[in-house]
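Analysis of the macromolecular model
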Amino acid sequence: MNGAATMRNILIRYLLVAIKLRCGSRNWKEQAIHEVPSPPASILRMPAIPAIDPATGLRFAETPVTDPEEVRRAVESARRAQPGWAARPFRERRECIAKFQRLLYQRRQEVAELITRENGKPVGEALLTDVAVTLDLARYYRARAASILRPRRIASGNVAFLGKRGRLYWEPMGVIAIISPWNYPLLLPFGEMLPALLAGNAVVLKPSEFTTRTAALGVDLLHQAGVPPAVCQLVVGTGEVGAALVASRPDKIFFTGSARTGRTVAIAAAERFIPITLELGGSDPFIVLADADLPRAASGALWARFTNGGQTCVAAKRVIVERAVYEEFVTALVTKAEQLRMGAGAAPGVELGPMIRESQLVELERQLAAAVAAGARVRIGGRRRPDLGPTFFEPTIVTDLALDSPLWREEVFGPILPVVPAADAEEAVRLANDSAYGLSGSVWTGNRRHGIALARRIEAGAVLVNDATCHVGISEVPHGGEKESGLGRTHGEFGLLETCRPRYVGSDWLDWIRKPWWFGYHEGSYPNRDAFLRLAFAPSILERLRAAPRALGMLFNRRPL
Ligand code: NAD
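Residues numbered from 1 in each chain as written. Predicted model: local features only at pLDDT ≥ 70, side-chain atom pairs only at ≥ 80, totals over all residues. Heavy atoms only, no water.

Re the sheet that holds strand β10 (residues 284-288)
Spatial strand order, β12-β13-β14-β11-β10-β16-β17: 7 strands in an open sheet with mixed pairing. The sheet terminates laterally at β12 (377-380) and β17 (462-465), the two strands that pair on one side only. Each strand of the sheet is rotated relative to its neighbour by a mean of 25 degrees, with strand direction disregarded. Where strand β11 (residues 316-322) meets strand β14 (residues 416-422), 4 bridges bridge the pair, whose relative direction is parallel. Bridge pairing in β14 places Val319 opposite Val419. Against the sheet, helix α14 (residues 425-433) engages β10, β11 and β14, with an angle of about 160 degrees to β11. (Pairing = 2+ DSSP bridges. Helix = DSSP H or I, 4+ residues; strand = E, 2+ residues; numbered from the N terminus. Axes fitted to C-alpha atoms, helices over the stretch in contact; angles between N-to-C directions. Contact = heavy atoms within 4.5 Å.)

As structure tokens, this is what we get:
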């Protein structure tokens, strides 16, 4: 393409996006740009992505979009910078993470307020679920990474390899691409970036287009903490930029988002043989047995479903209650849901904020309408609240649900809680596992032992007894799912090791002995080798002893080719 054509394409693109932004901005009132440092100008291009406060629908900042060609250059420069970062002593990388932790702690209020502004969640939730869990992940990996990454000695129990001594080393992958969603805009990407950086990788983050300012602030804190800008980069944009990042051939991808996008990204990664960790959607079961503390279980269900405006991957999305206590439990839920306070996340005392965007509401309404058309009863809620803001939806509890309804079969990403009865614990487990998803779940019972036994039968990455959802806040616990909820794990030891390549390096202290498998075959080779097998595996000791002279003799007789 010649220069004039390139300029023309850039201009057309700029105009198209400007028109798009203009059309969507009829009721935007320009506001002061939030005080968040912008990503490095070198990797940014106009046009910009607006940061919109979901509580008001107003734009409050904008972040320039990264051109796909610049995405490729970001990956290349990260690749050049990574060996120097990996060559630094571990304690230097750990000191950077410690400094990041101190900076995040000092600026926690500012960060929590920004998250609320971009995402809509109550600011106290932003502080506890995003900031505090990220701080704890920094604490955990600083404390544990050195011992997890320590080379592991590998000895062989195979007689053929008695002389081998080796170690497993955890080498950094290289450049890790992190593609993340908007619902926990600090915790999710930084829970992957911190271990990746500690292990000696460079990272390129593509945050959700809805939460670019939080990502920019977090990346800036890492730079202030001493991580070189080329080692930790931010690229900004919609799915197009995410696709460009995958096409730039990073050495590993961590994708968090919907199963639908995850499938597209996984296919693109597979075509390039790029390993990928997938943290996808969920439809977590929440089982209440008749012997549970019902008021407590109802409080647990309420929080586990409606926290973050119902937009949590590990939310309690399908409540299954033993029939004997079903009505009593539904009544307790409805009574508590009536008391939930809705409003802008920045207002004190608010428990339920807005949903992120209009498109999410439209999807939620489609799922609810289909359930109602098939006979479901809305016990509370079920309506928008335009009086509060453009994307508020009431906390909603639904019963009498057909189990083939989208409200039960699909992931529901908003404040709707369906509750169904089960004859007994066995049927509850069957209903829990009858789902395309397998992220996490919970069992509520007065008998902890029984609860643990049932929990072990639920097809999911993590199951809690008498609690729900909060395991993601335990840094030591690996997070991830089964079935369409994803592949691999983040957090904990597994989360760190997924940022590394295991590399075995072995040597031989019997390296003067002939290797029995080398060339130099002759008419006696087969019986010799059979003797070797008998020495190693014969069931009787006597037979092994009989085979030993011939087997060991072959180590010395004849020179190999
Ligand atoms: P999404 O799939 O729409 O987007 C996720 C990210 O992928 C965004 O950054 C988006 O820009 C990017 N993207 C879109 N198309 C792409 C493409 N073709 N190539 C590369 N990147 C592309 O998800 P969302 O709406 O942002 O997040 C909500 C979903 O995420 C829910 O399904 C939720 O359950 C899931 N989630 C899962 C976890 C988990 O840990 N398992 C955590 C949070 C959210």
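Let us keep going from here.
What about the side chain of Asp53?
Secondary-structure assignment places Asp53 in strand β1 (residues 45-53). A residue is classified by how much of its surface remains accessible, and Asp53, at 14% relative accessible area, is buried. At a separation of 2.9 Å, a polar atom in the side chain of Asp53 contacts the main-chain amide nitrogen of Ala55. Contact partners of Asp53, with chain neighbours within four places excluded, come to Leu58, Phe60 and Arg117. (Buried < 20%, exposed > 50% of the residue type's maximum accessible area, 1.4 Å probe, protein only. Polar contact = N/O pair within 3.5 Å; in protein donor to acceptor, adjacent residues only side chain to side chain.)

Focus on a nonpolar patch on the surface
A cluster of nonpolar side chains, contributed by Phe161, Trp517 and Trp518, occupies part of the molecular surface with about 300 Å² of accessible area. Inspection of the secondary structure assignment puts Phe161 in the loop between β3 (152-155) and β4 (164-172). (Patch = residues over 30% accessible without salt bridge, like charges linked within 9 Å, V, L, I, M, F, W, Y side chains within 5 Å. Areas by Shrake-Rupley, 256 points an atom, 1.4 Å probe, with all protein chains shown as cover. Salt bridge = Lys/Arg side-chain N within 4 Å of Asp/Glu carboxyl O.)

A word on unusual backbone geometry
A positive phi angle, near 55 degrees, is found at Phe273, a position not held by glycine. Of note, Phe273 is situated in the loop between α9 (259-271) and β9 (276-279). The class for Phe273 is exposed, based on a relative accessible area of 78%. The phi dihedral of Lys483 is positive, around 50 degrees, even though this residue is not glycine. With respect to the helices and strands, the residue Lys483 is situated in strand β18 (residues 482-483). Exposure remark for Lys483: the relative accessible area of 38% places this residue in the partly exposed category.

What to know about the environment of Pro390
One can find Pro390 in the loop between β12 and β13 (396-399). Considered as a pair, Pro390 and Thr56 are 334 residues apart in the sequence and their alpha carbons are 6.6 Å apart. Residue contacts for Pro390: discarding those within four places in its chain leaves Pro54, Ala55, Thr56, Gly57, Glu358 and Arg384.

Notes on the nonpolar core
Met193, Leu222 and Ile253 are the most contacted members of the largest nonpolar core, which totals 89 residues. The leading source of residues in this core is helix α5 (residues 123-148), at 10 residues. When residues no more than four places from it in sequence are discounted, the contact partners of Ile253 are Ala177, Val246, Val265, Ala269, Ile274, Pro275, Ile276 and Thr277. Grouped together as the second largest cluster of nonpolar side chains are 30 residues, Leu333, Met342, Ile380 and Trp444 included. (Core = buried A, V, L, I, M, F, W, Y, C linked by side-chain atoms within 4.5 Å.)

As for the packing of aromatic side chains
What the rule picks out here adds up to 6 aromatic pairs. Ring plane angle 50 degrees and centroid distance 5.2 Å describe the contact between Phe161 and Trp517, whose orientation is recorded as tilted. A residue pair is termed long-range when its members are at least 10 positions apart, and Phe161 in the loop between β3 and β4 and Trp517 in the loop between β20 (500-508) and α17 (525-537) qualify at 356 residues. With relative accessibility at 31%, the residue Phe161 sits in the partly exposed group. Ring geometry for Phe286 against Trp444: centres 5.1 Å apart, planes inclined by 25 degrees, an arrangement best described as stacked. Note that Phe286 is positioned in strand β10 and Trp444 in strand β16 (residues 440-444), a separation of 158 residues in sequence. The two residues Phe286 and Trp444 agree in class, both being buried. (Phe/Tyr/Trp six-rings, centres within 6.5 Å; stacked < 30°, edge-to-face > 60°.)

Thoughts on helix α15 (residues 448-455)
Residues spaced three or four apart along an α-helix point in a common direction, a consequence of the helix completing one turn every 3.6 residues. Taken together, the buried positions of α15 are Gly451, Leu454 and Ala455. Taken down its axis, α15 places every buried residue within 100 degrees of arc, on the same side. Summarising the contacts, the buried residues of α15 are in contact with α14, β16 and β17. The backbone nitrogen of Arg449 has a side-chain oxygen 3.2 Å away, supplied by the residue at the start of α15, namely Asn447. (Arc of directions from axis to C-beta.)

Focus: the sheet that holds strand β6 (residues 202-206)
Ordered in space as β7-β6-β5-β8-β9-β19, the 6 strands form an open sheet in which the pairing is mixed. Of all the strands in the sheet, the pair left with one neighbour each is β7 (232-234) and β19 (486-487). In this sheet, β19 lies alongside β9 in antiparallel orientation, the contact comprising 2 bridges. Residue pairing for β19: Leu278 is matched across the bridge by Leu487. Taken strand by strand, helix α2 (residues 68-87) contacts β5 (175-179), β6 and β7, and its axis lies near 155 degrees from that of β6.

What to know about the packing of α5 against helix α6 (residues 187-198)
One way to put it is that α5 packs onto α6 with a least axis distance of 9 Å and a crossing angle of 15 degrees. With respect to α6, the axis of α5 lies roughly parallel. Like other packed secondary-structure pairs, α5 and α6 cross with a definite hand, here right-handed. For the pair formed by α5 and α6, the contact residues are Thr129, Asp130, Val133, Thr134, Leu137, Ala138, Tyr141, Arg142 and Ala145 on the first element and Leu187, Phe190, Gly191, Leu194, Pro195 and Leu198 on the second. The class makeup of the residues in the contact of α5 with α6 is 10 nonpolar, 3 polar and 2 charged. (Parallel < 35°, antiparallel > 145°, perpendicular 65-115°, else oblique. Left-handed = near helix turned anticlockwise from the far one by under 90°. Nonpolar A, V, L, I, M, F, W, Y, C, P; charged D, E, K, R; others polar.)

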